[in-house]
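Chain and residue survey
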Amino acid sequence: MRLVQKHTTDKNHAYWSSCDQPEFLSKNLFNLANYQMRQHFFKNAKTVLPFTALYHLVSNAQAHSALPNTKVAKQGIRRVHKAGSGINRRTKIGKAIQTNTLGGPKLLSTRTRGRYMVIFPDETVSKPALRTGAVKLTPCPIEFKSRLGQVGEARVLPKSGCYAVEIVCERMLPSTTGDSIAGVDIGLVNLVTLTTNQSGVKPLLK
């Protein structure tokens, strides 16, 4: 089970600049990586540039070295590559459901304004700080009390007038015994559908 703990920083928060500057630099790296993806796509029969090749193309650029460290920069490049790599799959899906009238799937666009999310992998989370009940991001002064023993990653996302710092962790679900089972499905049209294997219990549809 994936859990997300969220902290918010507005312009009056002590960590505002520590969030804002990396987000701006991340946007620059996004544009550079996205440019390389697009150029390869159009010049090479609409094939997707492999991640390793993309990383080598941008790893020596100033936009890469300007970020807090290489691990953070690599996560940003990986996210751009993952989004760009889905173009072939989205094209097939678009043809299958005949969405040509909607313009079909598109490559990522250049971000001329705003900010872009920054991902701090678990290697950048201080282990001594975790043992004291805090999540401290080693490339920058961001630190929050969390009471989490293990962190998968931390994400800084731009929001309207603030930044959301999301701390992500994986937690095993407790094992269960017995024969009672319930299933929940979150839908698009209906909010939730719930049913069980117990006789006499009507399914719930909301």
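Structure: above.
Here the structure is a predicted model, which is why all the values come from computation and not from measurement.

What counts as what
- Residues numbered from 1 in each chain as written.
- Predicted model: local features only at pLDDT ≥ 70, side-chain atom pairs only at ≥ 80, totals over all residues.
- Heavy atoms only, no water.
- Pairing = 2+ DSSP bridges.
- Helix = DSSP H or I, 4+ residues; strand = E, 2+ residues; numbered from the N terminus.
- Axes fitted to C-alpha atoms, helices over the stretch in contact; angles between N-to-C directions.
- Parallel < 35°, antiparallel > 145°, perpendicular 65-115°, else oblique.
- Left-handed = near helix turned anticlockwise from the far one by under 90°.
- Contact = heavy atoms within 4.5 Å.
- Nonpolar A, V, L, I, M, F, W, Y, C, P; charged D, E, K, R; others polar.
- Buried < 20%, exposed > 50% of the residue type's maximum accessible area, 1.4 Å probe, protein only.

**Some remarks on the sheet that holds strand β6 (residues 162-170)**
Strand order in the open sheet formed by 4 strands is β1-β6-β5-β2, with antiparallel pairing between adjacent strands. This sheet does not close on itself; its edge strands, each paired only once, are β1 (2-10) and β2 (118-121). Neighbour to neighbour, the strand axes of the sheet diverge by 20° on average, direction disregarded. In this sheet, β6 lies alongside strand β5 (residues 153-159) in antiparallel orientation, the contact comprising 7 bridges. In the strand pairing of β6, R155 is matched with E166.

**Concerning the packing of helix α2 (residues 51-58) against helix α4 (residues 70-85)**
Put simply, α2 and α4 touch, their axes get as near as 10 Å, and they point 130° apart. As far as their axial angle goes, α4 and α2 are oblique. Seen from above, α2 lies across α4 with right-handed handedness. Across the interface between the two elements, F51, L54, Y55 and V58 from α2 touch T70, K74, I77, R78 and H81 from α4. Among the residues making up the contact of α2 with α4, the classes are represented as 5 nonpolar, 2 polar and 2 charged.

**Observations regarding the sheet that holds strand β7 (residues 182-186)**
Across the sheet, which stays open at both edges, the 3 strands sit in the order β7-β8-β9 with antiparallel pairing between neighbours. At either end of the open sheet lies a strand with only one pairing partner, and these are β7 and β9 (204-205).

**Notes on the pairing of β5**
Along β5, 5 of the 7 residues are buried, which leaves the element largely enclosed by surrounding structure. Pairing geometry for β2 and β5, over 4 bridges, is antiparallel. The residue bridging I119 from the neighbouring strand is R155, located in β5. If you look at the hairpin formed by β5 and β6, you'll find 2 residues sitting between the two strands, and G161 has a positive phi there, around 80°.

Honestly, it's all geometry; don't read function into it.
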